Amino acid sequence: MTGEALVEVRDVTRTFGTGHTAVRALRGVSCAIREGELVALVGRSGSGKTTLLNVIGGLDRPTSGTVRVAGQDVTAMTERQRTLFRRRTVAFVFQSFGLVPILSAAENAGIPLRIAGTPVRQREERVSLLLDLVGLAGHARLRPDELSGGQRQRVAIARALAARPRLLLADEPTGQLDSRTGRQILRLLRTVVQAEQVTALVATHDPALIGLADRALRLEDGLLATA
């Protein structure tokens, strides 16, 4: 860990709607995440966790405040710049896996590399390494419906890491898994953060992650406090 901030969030607010029906999802959130950290983002459903991840990852714009990731001002980017930012700098893992049903595990994991135009041999070598890292070396040819929920999430993690992102954002990655499988996935995230030298912010309800994370941030009604 270098100690340098990869993510800097400054006084970010996000309001949905207007007038008396407005929902203030984030209310002046400020935090920094150092390079190489695995940070747990905890809080009840509706506390603003997903909104904060979306703002940091360039999927949404804050109502006010600034977000910088790897020296880039995400809040000042055009739509095209944000698309390139999401392709090159940040990667997402979602609760719902989001795999393409007709593609094999290896083909799903290689999607970001295909989009980037990576030569076939390099793509295959990278995918093979990642499937081995997530414990699916023998499952490369299987389609999602032939895999368990935990295995599907492992494929999703491999896909997220394929293009070597600086930042991994995971939104309730164990939400559809039983507790035992969920803990395996959380331990895997700890392993891949170290192996791939990636920074990770993981939103979770699971208290097990707090023990695996370098530290935790707690959101309560759109306000951030150290957990």
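Note that the coordinates shown come from a computational prediction; the quantities given were computed from them, not determined experimentally.

### Considering the overall build of the chain
So, point 1. Counting its regular elements, the chain contains 8 helices and 10 strands.
So, point 2. Relative to its length of 227 residues, the chain is compact, with a C-alpha radius of gyration of 17 Å against a globular reference of 17 Å.
So, point 3. Viewed in the frame of its principal axes, the chain has a C-alpha envelope of about 50 × 40 × 40 Å.
So, point 4. By the burial criterion, 46% of the 227 residues in the chain qualify as buried.
So, point 5. Here the contacts in the chain between residues at least 6 apart in sequence split such that 71% fall between residues at least 24 apart.
So, point 6. Of the roughly 11000 Å² of accessible surface on the chain, 47% is carried by carbon and sulfur atoms.
So, point 7. The chain carries 31 positive and 22 negative side-chain charges, and their two centres are separated by 2 Å.

### So, the pattern of salt bridges
So, point 1. Inspection of the entire model under this criterion finds 11 salt bridges.
So, point 2. A salt bridge links Asp60 to Arg14, with the nearest nitrogen and oxygen atoms 2.8 Å apart. With Asp60 in the loop between helix H1 (49-56) and strand S4 (64-69) and Arg14 in strand S1 (residues 5-16), this residue pair connects regions lying 46 residues apart in the sequence.
So, point 3. Note that Lys49 and Glu172 form a salt bridge whose closest N and O atoms lie 3.7 Å from each other. On the criterion of sequence distance, the pair formed by Lys49 in helix H1 and Glu172 in the loop between strand S7 (167-171) and helix H7 (179-196) is long-range, its members being 123 residues apart.
So, point 4. Judged by its relative accessible area of 6%, Lys49 falls in the buried class.
So, point 5. Salt bridges sharing partners connect three or more residues here, namely Arg34, Glu37 and Arg215.

### Let's talk about the nonpolar core
One recurring pattern in soluble globular proteins: nonpolar side chains tend to sit buried together.
So, point 1. By size, the foremost hydrophobic cluster in this structure holds 38 residues, and its most contacted members are Leu131, Val134, Ile157, Leu168, Leu189 and Val202.
So, point 2. Among the elements of the structure, strand S3 (38-42), strand S6 (90-94), helix H3 (105-109), helix H5 (120-133), helix H6 (149-161), S7, H7 and strand S8 (199-204) are those that each provide at least two residues to this core.
So, point 3. The contact partners of Val134, leaving out residues within four places of it in the chain, are Arg154, Ile157, Ala158 and Leu188.
So, point 4. Val7, Val12, Cys31 and Leu41 belong to the second largest nonpolar core, which has 27 residues in total.

### So, the sheet that holds S4
So, point 1. With antiparallel pairing, 4 strands are arranged side by side in an open sheet as S2-S1-S4-S5. A single partner strand is all that each edge strand has here, and the edge strands are strand S2 (23-34) and strand S5 (72-73).
So, point 2. Of the strand pairs in this sheet, S1 and S4 are connected by 5 bridges, and their pairing is antiparallel. By the bridge assignment, Val9 is partnered in S4 with Val67.

### Observations regarding the packing of H6 against H7
So, point 1. Here H6 crosses H7 at 20°, and the two axes come no closer than 10 Å. The orientation of H6 relative to H7 falls into the category roughly parallel. H6 and H7 meet at a crossing whose hand is right-handed. Note on element contacts: H7 touches H6 through Thr181, Gln184, Ile185, Leu188, Leu189, Val192 and Glu196, opposite Gly150, Gln153, Arg154, Ile157 and Leu161.
So, point 2. The residue makeup of the contact of H6 with H7, split by class, is 6 nonpolar, 4 polar and 2 charged.

### Describing the environment of Phe97
So, point 1. With respect to the secondary-structure elements, Phe97 resides in the loop between S6 and H3.
So, point 2. Phe97 gets classed as buried once you look at its relative accessible area, which sits at 8%.
So, point 3. Separated by 59 residues in sequence, Phe97 and Ala156 place their C-alpha atoms 5.8 Å apart.
So, point 4. If near-sequence neighbours (up to four positions away) are discounted, Phe97 is found in contact with Gly149, Arg152, Gln153, Ala156, Arg159, Gln176 and Leu177.

### Thoughts on unusual backbone geometry
So, point 1. With a phi close to 50°, Ala70 is a non-glycine residue in the positive phi region.
So, point 2. Within the secondary structure, Ala70 is located in the loop between S4 and S5.
So, point 3. Although it is not a glycine, Arg164 adopts a positive phi angle of roughly 55°.
So, point 4. With respect to the element layout, Arg164 can be found in the loop between H6 and S7.

Reading the values: rules and limits
Residues numbered from 1 in each chain as written. Predicted model: local features only at pLDDT ≥ 70, side-chain atom pairs only at ≥ 80, totals over all residues. Heavy atoms only, no water. Helix = DSSP H or I, 4+ residues; strand = E, 2+ residues; numbered from the N terminus. Rg over C-alpha atoms; globule rule 2.2 N^0.38 Å. Buried < 20%, exposed > 50% of the residue type's maximum accessible area, 1.4 Å probe, protein only. Contact = heavy atoms within 4.5 Å. Areas by Shrake-Rupley, 256 points an atom, 1.4 Å probe, with all protein chains shown as cover. Lys, Arg positive; Asp, Glu negative; His and termini not counted. Charge placed at Lys NZ, Arg CZ, Asp CG, Glu CD. Salt bridge = Lys/Arg side-chain N within 4 Å of Asp/Glu carboxyl O. Core = buried A, V, L, I, M, F, W, Y, C linked by side-chain atoms within 4.5 Å. Pairing = 2+ DSSP bridges. Axes fitted to C-alpha atoms, helices over the stretch in contact; angles between N-to-C directions. Parallel < 35°, antiparallel > 145°, perpendicular 65-115°, else oblique. Left-handed = near helix turned anticlockwise from the far one by under 90°. Nonpolar A, V, L, I, M, F, W, Y, C, P; charged D, E, K, R; others polar.

These values are about where atoms sit, not about what they do.
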